[in-house]
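Inside the fold
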Amino acid sequence: MYYIKVFIGVLFGVAVFLFLDYALPSKNTVRITNTYNRLTLVTPRNAIFYASEDTGTIEHSSGQRDVRFIDTVRPNGKVFVYRNEDTGWVWPPYFKYDSANLHSEATNLRSASGNPQWVSITAYGWRLPWLSIYPNAIGIDTLASPDERPRNWPAMVILGVLFVFLLSLWRLWTQFRQRRIDPALRAADERWDNATDRVSSEAAEMRGSFGKFLDRFRGKPRR
């Protein structure tokens, strides 16, 4: 039972980590090389990672939809691709409705390797080529150099609020357990102990009576 609890706890911890890793905003220093629209095939296996149709996304009968993309290059030379979709009121709750403006801003900040303009793109999500999913860009800030490391204040604030909430929840649970559950468990243990003692006493009496009966049956004299 102990190992089952540990296994469930590990699975829960991994699930929480993956959830936060996907949903929280991240910042990456990149150079924008291209912006464009592309018909993208959205299938049931990756549809959860794209915007829903109620955000204004137009999906064709073939399962393709028109998605904006931002091509970038990191300071180490590795390429990285972002999508640029409105989130609307669905999860995660970024309430993004300015994908067109962000597309224009990204287009204006395109630069070549000879005269780079470094920017910090704030986004959420994962880049998994085998699922054809991309992180969704939600903001762009210009940088003076690729060595500049802007703080990820949104993620820090969200994690701080989440920590305070979990701490408050843990304190409420501790108080509830001390006031309600622990006394009930102690009372149940006492009732169980009393019942066990009573059964043991009755069993001892029955053994004694049965022993006396056997003694009489065997003809042993009474004491």
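Model, not experiment: these values are computed from the prediction.

1. Points about the overall build of the protein chain
Of regular secondary structure, the protein chain possesses three helices and five strands. In sequence order, the protein chain lays out its α and β elements as α-β-β-β-α-β-β-α. Looking at the protein chain residue by residue over its 223 residues, the buried ones come to 28%. Sequence separation of 24 or more characterises 67% of the internal contacts of the protein chain that already satisfy a separation of 6 or more. As displayed, the protein chain has an accessible area near 15700 Å², and 61% of this comes from carbon and sulfur atoms.

2. Brief notes about the confidence of the model for the protein chain
Confidence in the prediction of the protein chain, expressed as mean pLDDT, is 85, and 86% of residues score 70 or more. Per-element mean pLDDT across the protein chain ranges from 78 in helix α3 (residues 153-218) up to 97 in strand β4 (residues 118-124).

3. Points about the environment of Tyr124
Among the structural elements, Tyr124 can be located in strand β4. A residue is classified by how much of its surface remains accessible, and Tyr124, at 4% relative accessible area, is buried. Along the backbone, Tyr124 and Ser26 are 98 residues apart, and their C-alpha atoms lie at a distance of 6.1 Å.

4. Here's the deal with helix α2 (residues 99-108)
Turning to α2, its buried residues are Ser99, Leu102, His103 and Ala106. For α2, the angular spread of buried residues about the axis comes to 105°, placing them on one side. Seen from the buried face of α2, the exposed residues on the opposite side, beyond 90 degrees, are Asn101 and Asn108. In the core, the buried residues of α2 are packed alongside β1 (26-41), β2 (64-73), β3 (79-84) and β5 (136-142).

5. Observations concerning the nonpolar core
Inside soluble globular proteins, nonpolar side chains tend to come together where they are buried. Residues Ile32, Ile70, Tyr82, Val119, Ile121, Ala137 and Ile140 are the most contacted members of the largest nonpolar core, which totals 13 residues. Going through the elements one at a time, β1, β3, α2, β4 and β5 are the ones with two or more residues in this core. In terms of residue count, β4 provides more of this core than any other element does, three residues in total. Filtering out sequence-adjacent residues up to four positions away, Ile121 remains in contact with Ser26, Lys27, Asn28, Val30, Ile32, Ile70, Thr72, Tyr82, Ala137, Gly139 and Ile140. Formed by eleven residues, the second largest nonpolar core is a distinct cluster that contains Tyr22, Tyr50, Phe69 and Tyr124.

About the criteria used
- Residues numbered from 1 in each chain as written.
- Predicted model: local features only at pLDDT ≥ 70, side-chain atom pairs only at ≥ 80, totals over all residues.
- Heavy atoms only, no water.
- Helix = DSSP H or I, 4+ residues; strand = E, 2+ residues; numbered from the N terminus.
- Buried < 20%, exposed > 50% of the residue type's maximum accessible area, 1.4 Å probe, protein only.
- Contact = heavy atoms within 4.5 Å.
- Areas by Shrake-Rupley, 256 points an atom, 1.4 Å probe, with all protein chains shown as cover.
- pLDDT = per-residue confidence, 0-100.
- Arc of directions from axis to C-beta.
- Core = buried A, V, L, I, M, F, W, Y, C linked by side-chain atoms within 4.5 Å.

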